[in-house]
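# Structural description and commentary
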Amino acid sequence: MSVSVQREDFDVAAEIEAVAERGGDVGAVATFTGFVRCGERGVRAMTLEHYPEMTESALAAIEEEAHLRWPLLASRIVHRFGELCAGERIVLVATASAHRAAAFEAAEFLMDYLKTKAPFWKCEETLEGRRWVEERASDSAAADRWSRSRK
Amino acid sequence: MGGEPLRLKYFAWVREQLGVGGEEVRPPESVKTIADLIAWLCERDERYRTVLCDSPDVRFAVDQEMAEDREHSVEGAREVAFFPPMTGG
């Protein structure tokens, strides 16, 4: 298990290699990368605020939950904070397992939980001004389904 | 609540609307839950009312762990944080 909360950008290829190596006898690595999207409102930049004393422990708890539910050999979460421009990477989730089903499902679980349980708050800068992003019902629903289908 | 002051932290629009990122307070012994704490803060200063009392969307963490609701205990707590629903990931 490994979590980094940082301002700096990350190297996706290097992160995948590192997870595969840490996992040992790995048959599958699944990866998700999240980006700042320009979108319908013309987002030019985004500020990610976070709760420093809580962030790493919250992410580690989410990661630990994934390891309890799926036979993962290794995993990695990288989450950036600070000022990011449209097109920049925000978050990476990588999971390594013997077979692909666990790797895919655990990666999706980690992202669904990160969307609702990681102490970050996004403030978008658009052509119309600044705006705090609101939680989405679809994100809450996505996280909830993992509670109902607990393995 | 003992000798140590209680640290309060505010994030995102909660921080912007209160005009401060955090503060230290010394609530009386009668403050036992988040609801009690909010009521006490509102009594001290009206600006807490709009942001914490009247806003259903504010969430809480006590000593860096998420609180389920306003009935969560703050007895013995060192830090309570107030923030909007999280939008990470």
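Everything numeric in this text was worked out from a predicted model, so none of it was measured.

Rules used throughout
Residues numbered from 1 in each chain as written. Chains lettered and ligands numbered in written order. Predicted model: local features only at pLDDT ≥ 70, side-chain atom pairs only at ≥ 80, totals over all residues. Heavy atoms only, no water. Helix = DSSP H or I, 4+ residues; strand = E, 2+ residues; numbered from the N terminus. Rg over C-alpha atoms; globule rule 2.2 N^0.38 Å. Buried < 20%, exposed > 50% of the residue type's maximum accessible area, 1.4 Å probe, protein only. Areas by Shrake-Rupley, 256 points an atom, 1.4 Å probe, with all protein chains shown as cover. Lys, Arg positive; Asp, Glu negative; His and termini not counted. Charge placed at Lys NZ, Arg CZ, Asp CG, Glu CD. Disulfide = S-S within 2.5 Å.

The next point concerns the overall build of chain B. Looking only at helices and strands, chain B features three helices and five strands. Across chain B, helices and strands are ordered from the amino to the carboxyl terminus as β-α-β-α-α-β-β-β. A compact globule built from 89 residues should have a C-alpha radius of gyration of about 12 Å, and chain B, at 12 Å, falls within 12% of that. Considering only C-alpha atoms, chain B reaches an extent of 35 × 30 × 20 Å along its principal axes. Taken across its 89 residues, chain B has 46% of its residues classed as buried. Total accessible area on chain B is roughly 4300 Å²; 43% of this is exposed by carbon and sulfur atoms. In chain B, which carries 11 positive and 18 negative side-chain charges, the distance between the mean positions of the two groups comes to 4 Å.

Now for the state of the cysteines. Scanning the entire structure with this criterion turns up zero disulfides over all chains. Free cysteine Cys 85 of chain A: the closest other cysteine sulfur is in Cys 38 of chain A, separated by 11 Å. Residue Cys 85 of chain A is classed as partly exposed on the basis of its relative accessible area of 42%. The cysteine Cys 53 of chain B is free of any disulfide, with Cys 42 of chain B supplying the nearest cysteine sulfur at 3.7 Å.

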